Amino acid sequence: MTERLGWGERMVGGLLRGLAALPWPLLLMTGTGLGALAYALAVRPRHIARVNVGLCFPELSGAARERLVRRHFLAIGQNAFATLRLWWASEDELRRRVRIIAREPYDEALARGRNVILLAPHFLALEAGGLRISSLGPCISMYRAPASILEHALLARRTQYGATLWRHDAPLRSLIRSIREHKPFYYLPDLDPGDAEAVPAPFFGIPTPTLTALARIAHLTDAVVLPCYTRKLPGAGGYEVEIGPPLAPFPTDDALADATRMNAAIEQGIRRMPEQYLWTYKRFKRVHRDGRSLYD
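Worth saying up front: this structure is predicted, and the values here are computed from it rather than measured. (Residues numbered from 1 in each chain as written. Predicted model: local features only at pLDDT ≥ 70, side-chain atom pairs only at ≥ 80, totals over all residues. Heavy atoms only, no water.)

Caption draft 1: The arrangement of the overall build of the protein in detail. Helix and strand counts for the protein come out as eleven helices and eleven strands. Computed over C-alpha atoms, the radius of gyration of the protein comes to 19 Å, within 12% of the 19 Å expected from 2.2 N^0.38 for 296 residues, which places it in the range of a compact globule. The principal-axis extents of the C-alpha atoms in the protein amount to approximately 50 × 50 × 35 Å. Sorting the 296 residues of the protein into buried and exposed places 50% on the buried side. Of the roughly 13,900 Å² of accessible surface on the protein, 56% is carried by carbon and sulfur atoms. (Helix = DSSP H or I, 4+ residues; strand = E, 2+ residues; numbered from the N terminus. Rg over C-alpha atoms; globule rule 2.2 N^0.38 Å. Buried < 20%, exposed > 50% of the residue type's maximum accessible area, 1.4 Å probe, protein only. Areas by Shrake-Rupley, 256 points an atom, 1.4 Å probe, with all protein chains shown as cover.)

In structure tokens, the structure reads:
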């Protein structure tokens, strides 16, 4: 497989692996610096983050919202470099750096022979949590194919512990079959629905087009849905993964109620670590006021 890689992919892979070998404090320091630079220079992403934070936290003062946006950019840089380290870390280091502090609902569901879907919102530490979950045993991870020379490195590192990757726009048949084989599914719920089936479920009080796929997949596989939040701890403290109790009742025969319940679980995690949610993503892309995009 290596022989078929282009020179660009080999060069990028070597560079990333070299960066991953740097001491953990230096990685975090470098990431913090690049995050601060991005906050200063990345005008459009900063604008998107400001709009999102303003919509979701209108109770905060303007200064408090701006501090949150700045902390978010610093966290982006820190997580990017920490992820490089975890991609090439030994399994022992991965377990030390990424600790699962709550997993009783997960263990209980597996012990009862239940199929499991982990509801993993777009927090910046999503990659760290996915790697740690995959180290527990066979599982399925969702991904968007990156259109870049990073693709090979990303896919190779995500599958290093035996995880099966399912592309977000692939047919559901193979995914359903794998979940029915008792492989937990690490699901990213808060994607732009595009042309997919969606309902206007409240997200921070704003009716937002929300995918209904989670309820449909849970119904087809008779799976229990468990919220899964990964938090980066301050400094060199590593990460914590917390798996919460199942969404209930879920799924029901009401698509809007199911989407609302899912969004509420995502909100719960965001309020606990607001700077670590992906605010540079246009979560309200399909919400308009007076015929205009909220990001205009």
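Caption draft 2: Structural view of the environment of Arg103. Topologically, Arg103 is positioned in the loop between strand S1 (98-102) and helix H6 (104-111). Along the primary structure Arg103 and Gly205 are separated by 102 residues, whereas in three dimensions their C-alpha atoms are 30 Å apart. When near neighbours in sequence (up to four residues on either side) are disregarded, Arg103 contacts Leu136 and Ile243. (Contact = heavy atoms within 4.5 Å.)

Caption draft 3: Expanded view of a nonpolar patch on the surface. Together, Leu34, Leu37 and Leu41 make up an exposed nonpolar region whose accessible area comes to about 300 Å². Inspection of the secondary structure assignment puts Leu41 in helix H2 (residues 24-41). (Patch = residues over 30% accessible without salt bridge, like charges linked within 9 Å, V, L, I, M, F, W, Y side chains within 5 Å. Salt bridge = Lys/Arg side-chain N within 4 Å of Asp/Glu carboxyl O.)

Caption draft 4: Up close: the packing of aromatic side chains. Taken as a whole and assessed by the stated rule, the structure comprises eleven aromatic pairs. Arranged with centres 6.2 Å apart and planes meeting at 85°, the rings of Phe123 and Tyr229 form a pair that is edge-to-face. Placement of Phe123 in the loop between strand S2 (115-119) and helix H7 (126-134) and of Tyr229 in strand S8 (residues 223-232) is noted, with a sequence separation of 106 residues between them. For Phe123, a relative accessible area of 4% corresponds to the buried category. A centroid spacing of 5.6 Å and a plane angle of 75° characterise the contact between Phe123 and Tyr277, whose relative ring orientation is edge-to-face. Taken as a pair, Phe123 in the loop between S2 and H7 and Tyr277 in the loop between helix H11 (255-272) and strand S10 (288-289) lie far apart in primary sequence, 154 residues in all. For Tyr277, a relative accessible area of 1% translates into the label buried. The ring of Phe203 is capped by Arg283, whose NZ or CZ atom sits 4.8 Å from the centre of that ring. (Phe/Tyr/Trp six-rings, centres within 6.5 Å; stacked < 30°, edge-to-face > 60°. Lys NZ or Arg CZ within 6 Å of the ring centre and 35° of its normal.)

Caption draft 5: Representation of the pairing of strand S6 (residues 198-203) within the structure. Going residue by residue along S6, you find Val199, Ala201 and Phe203 tucked away on one face and Ala198, Pro200 and Pro202 left uncovered on the opposite face. As paired strands, S6 and strand S7 (residues 206-211) are joined by six bridges and run antiparallel to one another. Directly across from Ala198, in S7, lies its bridge partner Leu211. Where S6 folds back onto S7 in an antiparallel hairpin, the turn is made up of two residues, including Phe204, whose phi is positive at roughly 55°. (Pairing = 2+ DSSP bridges.)

Caption draft 6: Representation of the packing of helix H4 (residues 62-87) against H7 within the structure. Interaxial distance between H4 and H7 falls to 9 Å at its minimum, and their mutual angle equals 20°. By the angle between their axes, H4 is roughly parallel relative to H7. H7 is crossed by H4, and the crossing has left-handed handedness. Of the residues in H7, those in contact with Thr83, Leu86 and Trp87 of H4 are Glu127, Ala128 and Leu131. Residues of the contact of H4 with H7, tallied by class, amount to four nonpolar, one polar and one charged. (Axes fitted to C-alpha atoms, helices over the stretch in contact; angles between N-to-C directions. Parallel < 35°, antiparallel > 145°, perpendicular 65-115°, else oblique. Left-handed = near helix turned anticlockwise from the far one by under 90°. Nonpolar A, V, L, I, M, F, W, Y, C, P; charged D, E, K, R; others polar.)

Caption draft 7: Region of interest: the pattern of salt bridges. If you walk through the whole model with that rule in mind, you get 14 salt bridges. We note a salt bridge from Asp222 to Arg114, for which the minimum N-O separation is 3.8 Å. Placement of Asp222 in the loop between helix H10 (213-221) and S8 and of Arg114 in the loop between H6 and S2 is noted, with a sequence separation of 108 residues between them. Among the residues examined, Arg114 registers a relative accessible area of 24% and is labelled partly exposed. Between Asp169 and Arg167 there is a salt bridge; the shortest N-O distance is 2.8 Å. Given the relative accessible area of 47%, Asp169 is considered partly exposed. Linked through salt bridges whose partners overlap, the residues forming this network are Arg85, Glu93 and Arg97.

Function cannot be read off these values alone, since they describe shape.
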